[in-house]
Amino acid sequence: MTTTSFVSSDEIRTRFSQALSAMYQAEVPQYGTLLELADQVNQETLAANPTLAERLESDSELDRLDVERHGAIRVGTAEELAMLRRLFAVMGMQPVGYYDLSEAGVPVHATAFRPVDEAALKRNPFRIFTSLLRLELIESAELRERASAILAERDIFTPGARELIALYEEQGGLSDTQADRFVEEALETFRWHHDATVDHKTYQALLEEHRLIADVVCFRGPHINHLTPRTLNIDEVQRRMPDVGMNPKAVIEGPPRRNCPILLRQTSFKALEEQVHFDGEHQGTHTARFGEIEQRGAALTAKGRALYDRLLATARKQTAGLDNRAHQQRLSEIFAEFPDSEEQLRREGLAFFDYRLTDKGREEGAECDEDEELETLIAQGLVSARPITYEDFLPVSAAGIFQSNLGGAVTKPTPAMPTGRPSRQRWVLL
Ligand code: OOG
Ligand code: NI
């Protein structure tokens with residue numbers, strides 16, 4: 001077989017993300033409602049803001065807006081994670097970043113699988129936030145051994161998926177029919193199972209240790225727990241969520257609303273309580289799946305990120321217990337210190353930009369060696385500078401999303417404090 005008959009990884013990723021979206025829509029109808037809401041708000045935002053529409057169009061960002069999703073799964077063993085790495089590689093997705101959520105009282109560490117190069121991100125920036133349970137953080141030795149024994153019994157991949165991944169690695173690609181079969185087989189790993197693999201008593205014991213441990217250990221696979229579309233106006237989506245029957249989490253995570261959006265703002269609707277059939281004919285319920293929406297802004301340089309982290313830490317001390325309106329108000333006041341024009345963000349080296357010669361710049365053969373000159377060329381319309389979109393996640397926001405969906409008493413995220421060793425005590429607070 002010649003390489004030309006292979007389907008591109010971008011194409012396989014797009015087929016897979018569409019199939020996953022369709023499966024999740026059938027499993028969680030509220031996700032379909034969220035997609036409609038996101039689309040409606042995006043259309044309205046573009047209609048009301050022609051400059052934004054033009055810019056997104058010329059950056060080919062409008063095309064990816066409709067297909068853009070990220071999802072999340074949680075796995076139980078290093079072997080499962082290693083196999084997932086191979087599965088995602090078929091779709092051109094690589095692990096990017098490390099998120100230690102044990103610092104925020106969640107016993108996992110995580111990475112996000114996503115495409116990395118510009119062309120692939122433009123085509124479809126599909127990402128899966130993937131967490132690995134840290135069984136070593138379970139206090140009781142007996143429960144820890146029980147959990148690893150249960151995990152050792154399961155195979156979260158179908159034989160077909162394993163076969164096609166190996167074939168991909170051997171051939172260096174998949175044909176059209178192989179790609180379709182791969183999508184179908186890979187999808188099985190992400191499916192929800194109504195029947196738990198354990199009896200109710202085991203589920204309860206693990207749940208009491210930590211809700212997340214029960215979620216990972218007691219099922220046949222790492223069901224996809226949310227799939228997130230991208231919006232151009234998250235405040236408006238949050239405001240309208242109750243109108244369409246969704247119960248949004250208390251506050252939007254991340255930076256406040258700004259003229260020049262930075263990083264990532266996220267909100268979610270609360271997890272559904274779902275019927276589960278346990279071993280031994282016992283019916284019960286489990287909350288695993290929820291809905292989330294996000295708005296993406298510019299990627300920050302290390303300097304910009306340090307400023308963000310500092311202001312966020314200040315905000316967290318001052319916003320505890322506030323409702324979203326008051327929270328956003330206070331956050332905006334604190335973030336007044338973060339420059340909010342593209343020119344300042346560039347001049348102060350706070351955000352990443354993509355610089356290109358404009359048509360006029362090319363005609364005039366514009367050149368420059370100094371940063372100062374670059375600003376002049378931008379002002380003259382010879383060079384365009386566009387903020388580069390942030391493609392990753394934020395640990396504090398992720399912890400907030402986890403916690404608001406694990407049930408329990410916590411409605412406000414616990415601060416992620418870099419305290420070194422994760423404290424088991426703090427989980428109890430969840
Ligand atoms: C993942 C939560 C993190 C995000 O968008 O930050 C996440 C999970 O609950 O498994 O998806
Ligand atoms: Ni998410």
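Below, the structure is looked at part by part. (Residues numbered from 1 in each chain as written. Chains lettered and ligands numbered in written order. Predicted model: local features only at pLDDT ≥ 70, side-chain atom pairs only at ≥ 80, totals over all residues. Heavy atoms only, no water.)

## What to know about a negative patch on the surface
A contiguous patch of negative charge, built from Glu 36, Asp 39, Glu 57, Asp 63 and Asp 66, is present on the exposed surface. Summarising the element assignment, Asp 66 is placed in helix α4 (residues 61-67). Overall, the relative accessible area of 49% leaves Asp 66 in the partly exposed class. (Patch = residues over 30% accessible without salt bridge, like charges linked within 9 Å, V, L, I, M, F, W, Y side chains within 5 Å. Areas by Shrake-Rupley, 256 points an atom, 1.4 Å probe, with all protein chains shown as cover. Salt bridge = Lys/Arg side-chain N within 4 Å of Asp/Glu carboxyl O. Lys, Arg positive; Asp, Glu negative; His and termini not counted. Charge placed at Lys NZ, Arg CZ, Asp CG, Glu CD. Helix = DSSP H or I, 4+ residues; strand = E, 2+ residues; numbered from the N terminus. Buried < 20%, exposed > 50% of the residue type's maximum accessible area, 1.4 Å probe, protein only.)

## Some remarks on the site of ligand 1
Close contacts around ligand 1 come from His 70, Ala 72, Arg 74, Phe 129, Asn 225, His 226, Gln 266, Phe 290, Glu 292, Phe 393, Ala 398 and Phe 402, and that covers them all. One of the side-chain nitrogen or oxygen atoms of Arg 74 is found 2.7 Å away from an oxygen atom of ligand 1. Between ligand 1 and Asn 225 there is a distance of 3.0 Å, counted from an oxygen atom to a side-chain nitrogen or oxygen. Isolated, ligand 1 exposes 320 Å² of accessible area, and the fraction of that covered by the protein chains is 100%. (Near = heavy atom within 4 Å. Polar contact = N/O pair within 3.5 Å; in protein donor to acceptor, adjacent residues only side chain to side chain.)

## Looking at the sheet that holds strand β2 (residues 94-100)
The sheet built from 5 strands is open, its strands ordered β2-β3-β4-β1-β6 with mixed pairing. The sheet is open, and its two borders are formed by β2 and β6 (227-229), each paired with just one other strand. Taken over all neighbouring pairs, the strand axes of this sheet differ in orientation by 20° on average, direction set aside. Pairing analysis gives 3 bridges linking strand β1 (residues 69-75) to β6, with the strands arranged antiparallel. When the bridges of β6 are listed, Gly 71 appears paired with Leu 227. (Pairing = 2+ DSSP bridges. Axes fitted to C-alpha atoms, helices over the stretch in contact; angles between N-to-C directions.)

## A look at the nonpolar core
Phe 129, Tyr 308 and Phe 338 are the most contacted members of the largest nonpolar core, which has 67 residues in total. If we ignore the near neighbours within four places in the chain, the residues touching Phe 338 are Arg 258, Ile 262, Leu 300, Gly 304, Leu 307, Tyr 308, Leu 311, Leu 345 and Leu 350. Within the second largest apolar cluster, 36 residues are counted, among which are Leu 35, Ile 73, Phe 157 and Phe 182. (Core = buried A, V, L, I, M, F, W, Y, C linked by side-chain atoms within 4.5 Å. Contact = heavy atoms within 4.5 Å.)

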